[in-house]
Structure formats: C-alpha cells, structure tokens
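Spelled out, the chains give:
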Amino acid sequence: MIKDFTYYTPTRVVFGRESELQVASLVKHEGGTRVLLHYGGGSAVRSGLVDKMRVLLEETGIATVQLGGVVPNPLLSKVREGIALCREQHIDFILAIGGGSVIDSAKAIAYGVPYTTGDVWDFWEGKAVPSTTVPIGCVLTIPAAGSEMSSSCVITHDESLIKRGINSDLCRCRFAIMNPERTFTLPPYQTAAGATDIMMHTMERYFSRYEGMSITDAISEALLRTVMDSTPIVLAEPDNYIHRAQLMWAGSLSHNDLTECGYEKDFATHRLEHELSALFGVTHGAGLAALWGSWARHVLPGHEARFAQFAVNVTRLSPEDNLHDTALAGIETMERFFVGIGMPTSIPQLLGRPVTDNEIAVMVDKCSRGGTITVGSIEKLNTERMAAVYRAANLT
Ligand code: NZQ
Ligand code: ZN
C-alpha cells in the first residue's frame, strides 16, 4: 500500500562554482539586514569562506556578527550562547556556514530567539511547539546530513547527553548555497561518513511498511547507485568536481523527503545511532555504518523480497536461487562497500572496544524514552529488539 503524502520543499538551491558570490542578494531577498555568521571548529575560517561571506555582505550594507565553535553533534550550550547574542545584536537573519552540525545549531538558535517565555530545550522535550523563527540560510561545506533542505534539527543536551531531533517546516533553510569545490578539502573519513549518511537517509525510507511506489523506488535506487559510484572516486581524487557535485546533490535529495513519497521513514538505525553519537561523540555516518548490517539482518525475516530488490537494483547482484540468499548477499555487499570506503561495520570497529551491557541498557533506555516508545516502520523495535540490534553490532 502507498502512503498519502504532502511534498513540500521550499528551500531555494543555488548550486555550482562561485554560487556563494550570490550570498548578499539572497540575504537581501529574505529581508536580512543584521546577519549572524554561524560556523564550526575552523574549517570554514581556514578556507577563507567566513571572511568571504562577511565581506560580500558588508559591501552591500548588511551588518554581520560572528559566532563559531559549533562542534560535530552540536550542543545546546552553543545554541543558548547564540540566542543571547542574536537578541543582544538584534539579528534578523542567520547564515550557517558548514555542515549539518552548524546548520542544526543555526536552526535551534532561530527557534530560540523569539521564544522569550521559556528555554529553547522545551521544544525538544515536547513542552512547547515553535510558532515562529528567525529566517536562516546556509552555505553548505559537507554533503552528509541533508539539513540544508530538511525540516529536522538535531541537538545534544550537554549534561544529560540526550541527542534528539525535532521537525518543523519553520526551520527550513530559505536558501542553500552549494559549491562542490568547497568540499574538496574534506578529510576522507568525513567524506565517507557523509556518503554513508546520505545513503542511509534514502535506505531508511526504502525499507518501510508501505510498498508499491515504483517511481520512488527508481529515484532511490539511482541515488544510492550514484553515491556508491562517486564516493570511491572522490576518495581517490578529492578535487573531482563532477563526482563531488553528484554527492552534494544526492545529499540534499536524500533528505528533502523526495525518497519518502508514498513511503514512511523507518529511521530505526538513525535513532539507535543517535544514542551512540550522544554517548561516545562518534561521527554520525560512521555510527550508522556500524549498526546498519545488524539492523538489516534483524528485520529481514518477512521482508526478503524487499531486501532482494535492494540487492539487485542497488548493489547490482544477480539473483540467487531464493529470495533469502539474494537478500543476505545484498546486505553483505553493502557492508563490504562500507568497509571499502573506510567505515566500520560493528561497534568495536567504531569505538575500538565493545560496549558494555550497562552501556547498551543506557542507550536502549534513552532510545525508547524509558520504554515508552518503539522505533522503526518496516518493523517496530521495542526495547528487547533495540538491545538485540546493539548486541549483534557489538560482536565483530
Ligand atoms: O567544525 P569544522 O572545523 O568546520 O569541521 C567539520 C567537522 O569536523 C568538518 N568539515 C565540514 N566541512 C568541511 C570540513 N572539513 C574540511 N573541509 C570542509 N569543507 O567536518 C566535520 C563534520 O561536520 P558536521 O557538520 O558535524 O557533519 P554532518 O553534516 O555530517 O552533520 C552531522 C550532524 O547532523 C546531524 C547529525 O546527527 C550530526 O549531529 N543530522 C542532522 C540531520 C538534519 N538536521 O536533517 C539529519 C541527519 O540524519 C543527522 O542526524
Ligand atoms: Zn543521518
């Protein structure tokens, strides 16, 4: 059965070489006059991108204020710092310069500035629902999280280490500037983790309890094959513009809901991974690679036909004698692909050690919100099944 859907993707994408030169006209179009430039730990400063944005904006009379230091798996404390700065400086537009962490931090600041009657974390605790935001745009420097076109904002609470996402169209970027040349400097690990995350955003919609939307399947399968083809090429040739461009566009299409039309997010692997990156600070895409094969084998019974379709149309295998063997071969091929691009396929490979039973219990408790929710769509995972996936991923 196909799921009814509303497809809404309002972000203006400005893609290509020198696309960042349009930043001032894009900000003006959105009515920005005092802009917060928000960025991460230094890559966008070292590359000169932050300064370039500052100069381009100030030349046209737009004032700028800077706030860097966003860490991967962005923290609530930085969000609170940003909210205070924006209020003090009367900021009316936020420009995120970086990847998913910076964009999500910008989104959270944007939610928090007009929310003067409580603390911004209320939104992540479900105590309040955002009703307005400061507009934001981004200059993307890593294809991975897809936050540049998504409605999602994932933040980690510094003390409780709860890492959680909230969704609202209010936080969608008004524009996303994407110059593939800006990704040439990515370290191989970040390139590979980003590619994994891109693939997982589509795979986590491909495996859903709905079925039959073959146009969405065809888009998803082409996207996944493209990422599998382009990633090894850019790892060997970091400045290959054409393949960096494929990855950058795939990253946006993978998480702007296009590959969900007719289907439903599963996102069990994402939810399980968020606990790994919250507890151990690991790179999100690497955490996904460490869990996916164990999740796939766990949910496979009853869904052999879908996994066999994946094996043939995505991993390009010839069908085996039966669906189960084809399905398993597809999972193994995907894991070999992850290994080939330098990603872990187990928790010990990710962390350098297995997690303890106690750590699994903590992650399961947080993921299930104290046993009150399940995760997943193709199969719903309760606490026992969450623990089973973590234990399976803890073995090799
Ligand atoms: O901090 P800097 O110095 O900029 O370094 C970053 C960071 O260390 C570096 N980097 C980025 N662009 C670079 C570069 N280094 C060299 N050259 C460049 N051009 O890469 C590192 C990772 O950056 P980060 O922004 O953390 O990566 P990513 O885009 O993978 O974002 C990960 C975060 O997004 C969340 C993840 O959970 C994680 O917190 N997600 C957000 C989603 C969303 N909002 O829709 C969905 C995702 O599923 C995901 O959960
Ligand atoms: Zn992701």
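Before any of the text, the structure's been laid out above.
Residues numbered from 1 in each chain as written. Chains lettered and ligands numbered in written order. Predicted model: local features only at pLDDT ≥ 70, side-chain atom pairs only at ≥ 80, totals over all residues. Heavy atoms only, no water.

**Q** Could you give an account of the site of ligand 1, naming the residues involved and the relevant values?
**A** In the neighbourhood of ligand 1, 31 residues make up the surrounding shell, with Gly41, Ser43, Ser101, Ser150 and Lys163 lying closest. Contact between ligand 1 and histidine 201: an oxygen atom at 2.7 Å from a side-chain N or O atom of the residue. Between histidine 255 and ligand 1, the recorded distance is 3.2 Å, taken from a side-chain N or O atom to an oxygen atom. Coverage of ligand 1 by the protein chains reaches 89% of its 960 Å² of free accessible surface. (Near = heavy atom within 4 Å. Polar contact = N/O pair within 3.5 Å; in protein donor to acceptor, adjacent residues only side chain to side chain. Areas by Shrake-Rupley, 256 points an atom, 1.4 Å probe, with all protein chains shown as cover.)

**Q** Give a description of the nonpolar core that names residues and reports values.
**A** Burial of nonpolar side chains together is a common tendency in soluble globular proteins. Ranked by internal contacts, the top residues of the largest apolar core, which has 56 residues, are Trp292, Trp295, Phe307, Phe310, Met334 and Leu381. With 9 residues, the top contributor of residues to this core is helix α11 (residues 284-299). Filtering out sequence-adjacent residues up to four positions away, tryptophan 295 remains in contact with Phe207, Asp266, Ala268, Thr269, Phe307, Ile378, Leu381 and Val389. (Core = buried A, V, L, I, M, F, W, Y, C linked by side-chain atoms within 4.5 Å. Buried < 20%, exposed > 50% of the residue type's maximum accessible area, 1.4 Å probe, protein only. Helix = DSSP H or I, 4+ residues; strand = E, 2+ residues; numbered from the N terminus. Contact = heavy atoms within 4.5 Å.)

**Q** Could you give an account of the pairing of strand β4 (residues 93-98), with specific residues and numbers?
**A** By the criterion of burial, β4 is predominantly enclosed, with 6 of the 6 residues buried. For strand β2 (residues 34-39) and β4, the ladder comprises 5 bridges, and the chain directions are parallel. If you follow tyrosine 39 over to β4, its bridge partner there is isoleucine 97. In this sheet, strand β5 (residues 136-140) lies alongside β4 in parallel orientation, the contact comprising 5 bridges. Bridging across to β5, isoleucine 94 finds its partner in isoleucine 136. (Pairing = 2+ DSSP bridges.)

**Q** Can you explain the coordination of the zinc ion (ligand 2)? Please cite residues and give values.
**A** Asp197 (OD), His201 (NE2), His270 (NE2) and His284 (NE2) make up the full set of protein donors to the zinc ion (ligand 2), lying at 2.0 to 2.2 Å. The buried category is assigned to histidine 270, whose relative accessible area is 4%. (Donors = N, O, S within 2.8 Å, 3.2 Å for Na, K, Ca; no water.)

**Q** Any details on the side chain of serine 151? Residues and values, ideally.
**A** Its location among the elements puts serine 151 in the loop between β5 and β6 (152-156). Looking at serine 151, the relative accessible area reads 13%, which means it is buried. Of note is the side chain of serine 151, whose polar atom sits 3.1 Å from the side chain of asparagine 167. Aside from chain neighbours lying at most four places away, what touches serine 151 is Lys107, Ile166, Asn167, Ser168, Asp169, Cys171 and Arg172.

**Q** Give me the layout of surface pockets: which residues, what numbers.
**A** In this model, the second largest pocket occupies a volume close to 260 Å³. Lining the second largest pocket we find 17 residues, and of these Lys3, Glu260, Tyr263, Glu264 and Lys265 sit closest to its centre. Broken down by class, the residue content of the lining of the second largest pocket amounts to 5 nonpolar, 3 polar and 9 charged. (1 Å grid on protein atoms, 1.4 Å probe; cavity = no way out; pocket = protein on both sides within 12 Å on 5 of 7 lines; lining within 4 Å. Points joined across faces, edges and corners; volume = space filled by probe spheres on them. Nonpolar A, V, L, I, M, F, W, Y, C, P; charged D, E, K, R; others polar.)

Shape descriptors only; they carry no functional weight alone.
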